[in-house]
Amino acid sequence: MRHINGTALIIAALVVTVGALAFPVWSYADRSGTGEANLAAGSVATSWGPLSATDRDFLVKVRLAGLWEIPAGQQAVERAPTKAVKDAGDHLVVGHTDLDQRVRGVAAQLGVELPNQPTEQQSGWLRELTEARGETYQRKFANLLRVAHGKVFGLVAQVRDSTRNSLVRQLASDANQTVLDHITMLEGTGYVDFDAIANGNAATSTASPTGPPPPGGNRPPEPAPAGPTGDVSGTSRPSPGPPGTVATDRPEPQM
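Let me sum up the structure you'll find in this document. (Residues numbered from 1 in each chain as written. Predicted model: local features only at pLDDT ≥ 70, side-chain atom pairs only at ≥ 80, totals over all residues. Heavy atoms only, no water.)

What about the pattern of salt bridges?
This is how the line gets drawn: Any Lys or Arg side-chain nitrogen found within 4 Å of a carboxyl oxygen on Asp or Glu counts as a salt bridge. A helix here means a DSSP run of H or I that spans at least four residues, while a strand means a run of E at least two residues long, and both kinds are numbered starting from the N terminus. For every residue, the accessible area obtained with a 1.4 Å probe (protein chains only) is divided by the maximum for its type, and the residue is called buried under 20%, exposed over 50%, and partly exposed between those limits.
For the coordinates displayed, the defined rule picks out 10 salt bridges. A salt bridge links Arg-63 to Asp-100; the nearest nitrogen and oxygen atoms lie 2.8 Å apart. Of this pair, Arg-63 sits in helix H3 (residues 53–79) while Asp-100 sits in helix H4 (residues 83–110); the two residues are 37 residues apart in sequence, bridging distant segments of the chain. We note that Arg-63, like Asp-100, is buried. The residue Arg-146 makes a salt bridge to Glu-187 at a minimum N-O spacing of 2.9 Å. Here the residue Arg-146 occupies a position in helix H6 (residues 134–162), and Glu-187 occupies one in helix H7 (residues 166–187), the gap between them amounting to 41 residues. Exposure remark for Arg-146: the relative accessible area of 13% places this residue in the buried category. Each of Arg-63, Asp-100 and Arg-104 takes part in a single network of salt bridges with overlapping partners.

Observations concerning the nonpolar core
How we decide: Throughout this description, the term nonpolar core refers to a set of buried Ala, Val, Leu, Ile, Met, Phe, Trp, Tyr and Cys residues connected via side-chain atoms within 4.5 Å. Contact criterion: two residues are considered in contact whenever any of their non-hydrogen atoms come within 4.5 Å of each other.
Core analysis: the biggest nonpolar cluster contains 21 residues, and Trp-68, Ala-72, Val-85, Leu-129, Tyr-137, Phe-141 and Leu-145 have the highest contact counts within it. If you list the elements that add at least two residues to this core, you get H3, H4, helix H5 (120–131) and H6. Examining the composition of this core, we find that six residues originate from one element, H6, more than from any other. Apart from residues no more than four positions distant in its own chain, Leu-129 is found in contact with Ala-72, Gln-75, Arg-79, Tyr-137, Lys-140, Phe-141, Leu-144 and Leu-145.

Below, the structure is given as structure tokens:
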């Protein structure tokens, strides 16, 4: 009898121990602090799908971009001595005026409050541009706006990939096209300092570079073309326009 009782106690202790070890694994997805829990806690239900904290931040940033980039673009149209910078300014004014109309409509439907003034940092950039002259002005314009667009480009991609809200998804698609157009126009001025952009990004990066080794000076073998096997008749066609061009025609938003 003592042997049986001792065995039972051992078995019971093992069950309790295994249960204690397994419980955190079973319950981890529902615990506060996990990605899923944080997403659920920061989201609100809407008729167009859940609206996350990242979605709301995206709406605010689209609005803020227009509040300083429209006057910056207008200033370039009025003051820049070269046509390339004037054209870039024109694209900023037209693109952000269009996006601002869209984001205000989406925010009104989703009940998100938007700012009416740019941030202090953005106001500082505008003051820098106002005080600059000649080529210094053009370089400041191209680089301040190019860096700003590069940073928001990543957010647009993240939101377009992860949002569960159809209104936000459509706005992210529109913003992606607009931001890429502006990046292309700003780079076309010839004033963008790509070394400074790369060094700035490297200063905040922690990942080590990976991939194939750098070229050794010899011409590498030409790779075989990638394509379907067999006789495949596709109905779609590549995007029109030569490399480096961006189509700016945007469909009306689906609200």
